[in-house]
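Architecture at a glance
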Amino acid sequence: MSSPSKNKPAQNKGFFAAMSSGFSMFSTAMRSSVNGLLGYENLEVISPDGGQEDAEEEARRGRWKQEERDSYWKMMQKYIGSDVTSMVTLPVIIFEPMTMLQKMAELMEYCHLLDLADKCEDPYLRMVYSASWAVSVYYAYQRTWKPFNPILGETYEMVNHNGITFISEQVSHHPPMSAGHAENEHFTYDVTSKLKTKFLGNSVDVYPVGRTRVTLKRDGVVLDLVPPPTKVNNLIFGRTWVDSPGEMIMTNLTTGDKVVLHFQECGWFGAGRYEVDGYVFNAAEEPKMLMTGKWNESMSYQPCDKDGEPLPGTELKELWRVAAVPENDRYQYTYFAHKINSFETAPKNVLASDSRLRPDRYALEMNDMSKAGAEKSSLEERQRAEKRNRESKGDKFTPRWFDATEEVTATPWGDLEIYQYNGKYVQHRAAVDHSDGIDVEDVRTKEFNPWQYSD
């Protein structure tokens, strides 16, 4: 990553000042990013319409055969313009062996950045660390495989990463909603997520309807995160690829400081792809730190003046870089993603509702497509049967680890009902971990059971 202060062309002098001239002008100015002005290197050629060569490459990767594409296209045409989050039964060939609950946990890979934010004395550098943490997960989000939709009552737990206790649960089926909580000695993380999609034919827009809050424990600072939407391109025809153009906004609800980062939209020949640029603003909307990088590579920062120009005597410093990843991995998993999926990392006497235990997920991991498809259909049918049973009895589903609240919050993509972590999971885990009277089970033989009723 080149430093804007050292390598910026002379004709571009004042670029940062132009970007920060007004908060309302931020979005427009940001479209000419630091990296864009420096020139494009090592670009991937992207054709928005796809092509025959892309289709053949996808077939070699085991995704689609031409006859499958044609058949799927005929089925999906009627859904153009619709939200397809849970209304369409999708073939397992487009799935990865992971659920949305596990994918939520991927945000914890670089959670040490939140530890550093909590320890940081400088309020603006604290925001740099926190925003870089939020950017870091996009490397994992560029995978084009679809995660499984969780079954109602399904959970995922992780207790073996950086001192974190993490629990997520599927709290609603229609609409599909998940809630998650993570905590260590430095921060708590709480999220309610209700993804919304719009199928556009050969692409799908994904709107992150949700609320993400991080509390840094030392000073009690509360951070609110609004991520940009995501677009999955060439969904059926051509080589599938993911982009997340738009603004990411992280607000310090305690002080009023704010980070605004612009994720560049990928242009022809890959121009601008992955680039992220922005500023940390104080409560008076004055820039204090500039941030620049690529969401699939690294993020750097530099103190700046009120015009957004780098301060004399300072230099661009890198504070996050993506970790090494396995080569030629079938699903483009990171080492951390493999850790999330592994039975070896399951806590003692893992909950029977845990995503690792799903038979369709495991069959797909073992590359048994036929069994994965059959198991997926079986789970979905049992979930429908549970719904009929629940309605006939007049029962309601009650999440185990999260409570519904009366709070409804507005998001850029619609209103969201908030679920709150009830604190019971940490009590459950402590009881299990400190009990000598409970036999340790073989997680590989444990039956997946998120069900409300026994039959």
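What comes next concerns the included structure. Keep in mind the model is a prediction, meaning the values are calculated, not measured.

1. Here we look at the nonpolar core
What tends to happen in soluble globular proteins is that the nonpolar side chains get buried as a cluster. Counting residues in hydrophobic clusters, the biggest one holds 67 residues, and the most contacted among them are M108, W133, F166 and Y189. In terms of residues, this core owes the most to one element, helix α9 (residues 123-136), which gives eight residues. The residues contacting W133, other than those within four sequence positions of it, are L107, M108, Y110, C111, L113, L114, Y189, V214 and M250. Ranked by size, the runner-up nonpolar core spans 15 residues in total, among them V209, L351, W401 and L416.

2. Things to note about the sheet that holds strand β6 (residues 187-193)
The strand order β3-β4-β5-β6-β9-β10-β13-β14-β15-β16-β17-β18 describes an open sheet built from twelve strands, whose pairing is antiparallel. Of all the strands in the sheet, just β3 (155-161) and β18 (317-321) have a single pairing partner and so form its edges. Pairwise comparison of adjacent strand axes, ignoring direction, gives a mean angle of 15° for this sheet. Both strand β14 (residues 258-263) and strand β15 (residues 275-281) contribute to a ladder of six bridges, which runs antiparallel. When the sheet's bridge partners are listed, L261 is paired in β15 with G278. Sitting on the sheet, helix α8 (residues 112-119) touches β6, β9 (210-216) and β18, and the angle it makes with β9 is about 50°. Relative to the sheet, helix α14 (residues 424-433) contacts β3 and β4 (164-172), its axis offset from that of β3 by approximately 60°.

3. Comments concerning the pattern of salt bridges
Going through the model one piece at a time under the given rule, you end up with 23 salt bridges. In this structure, the salt-bridge partner of R143 is E106, at a minimum N-O distance of 2.7 Å. Remark: E106 occurs in the loop between α7 (100-105) and α8 and R143 occurs in the loop between α10 (138-141) and β2 (146-148); sequence separation between them is 37 residues. Take R143: its relative accessible area is 4%, and that puts it in the buried class. One salt bridge in this structure joins R358 and E154, with 2.8 Å as the shortest N-O distance.

4. Considerations on the pairing of β14
Burial analysis of β14 places five of its six residues in the buried class, which makes it a mostly covered element. Pairing analysis gives six bridges linking strand β13 (residues 246-252) to β14, with the strands arranged antiparallel. Counted as the bridge partner of M248 is L261 from β14. The antiparallel pairing of β13 with β14 creates a hairpin that spans five residues between the two strands, and G256 there sits at a positive phi of about 90°.

5. With respect to the packing of aromatic side chains
According to the stated counting rule, one finds 14 aromatic pairs in the structure shown. Arranged with centres 6.3 Å apart and planes meeting at 55°, the rings of Y156 and F166 form a pair that is tilted. Of this pair, Y156 sits in strand β3 while F166 sits in strand β4; the two residues are ten residues apart in sequence, bridging distant segments of the chain. We classify Y156 as buried; its relative accessible area is 0%. What links up through ring pairs into an aromatic cluster is the set Y138, Y141, F263, Y274 and W295.

6. Overview of the environment of E106
Judged by its relative accessible area of 3%, E106 is buried. Sequence separation between E106 and A337 is 231 residues; the distance between their C-alpha atoms is 6.7 Å. Setting aside anything within four residues of it in sequence, one finds E106 in contact with M98, V137, A140, R143, T334, F336, A337 and I340.

7. Digging into α8
Spacing of three or four residues puts side chains on the same side of an α-helix, whose turn is 3.6 residues. Within α8, the full set of buried residues consists of L113, L114, D115, A117 and D118. Buried positions along α8 lie against α9, β6, β9 and β18.

8. Describing unusual backbone geometry
In this chain, H174 is followed by P175 through a cis amide linkage whose omega measures -5°. Along the chain, P175 turns up in the loop between β4 and β5 (177-183). Its identity is not glycine, yet N328 carries a phi of approximately 55°, on the positive side. Among the secondary structure elements, N328 is positioned in the loop between β18 and α11 (335-341). Since its relative accessible area comes to 79%, N328 is described here as exposed.

9. A closer look at the side chain of N296
By the secondary structure assignment, N296 is in the loop between β16 (287-294) and β17 (298-303). Each residue touching N296, except ones within four places of it in the same chain, is listed here: Y139, Q142, Y274 and V322.

10. With respect to the sheet that holds strand β12 (residues 241-243)
Strand order in the open sheet formed by four strands is β7-β8-β11-β12, and the pairing between neighbours is antiparallel. Across the chains shown, the open sheet's two edge strands, defined by having one partner strand only, are β7 (196-199) and β12. Between one strand axis and the next, the sheet turns through 20° on average, direction left out of account. Looking at chain direction, β7 and strand β8 (residues 204-207) are connected through four bridges and run antiparallel. Its bridge partner lying in β8, T197 is registered against V206.

11. Quick notes on the side chain of T251
Within the secondary structure, T251 sits in strand β13. Taking relative accessible area as the criterion, T251 reaches 18% and is therefore assigned buried. Those residues within four positions of T251 in sequence are excluded, and the remaining contacts are M127, V222, L223, D224, D257 and K258.

The rules behind each value
Residues numbered from 1 in each chain as written. Predicted model: local features only at pLDDT ≥ 70, side-chain atom pairs only at ≥ 80, totals over all residues. Heavy atoms only, no water. Core = buried A, V, L, I, M, F, W, Y, C linked by side-chain atoms within 4.5 Å. Buried < 20%, exposed > 50% of the residue type's maximum accessible area, 1.4 Å probe, protein only. Helix = DSSP H or I, 4+ residues; strand = E, 2+ residues; numbered from the N terminus. Contact = heavy atoms within 4.5 Å. Pairing = 2+ DSSP bridges. Axes fitted to C-alpha atoms, helices over the stretch in contact; angles between N-to-C directions. Salt bridge = Lys/Arg side-chain N within 4 Å of Asp/Glu carboxyl O. Phe/Tyr/Trp six-rings, centres within 6.5 Å; stacked < 30°, edge-to-face > 60°.

Take it as geometry only, folks, not as evidence of what the structure does.
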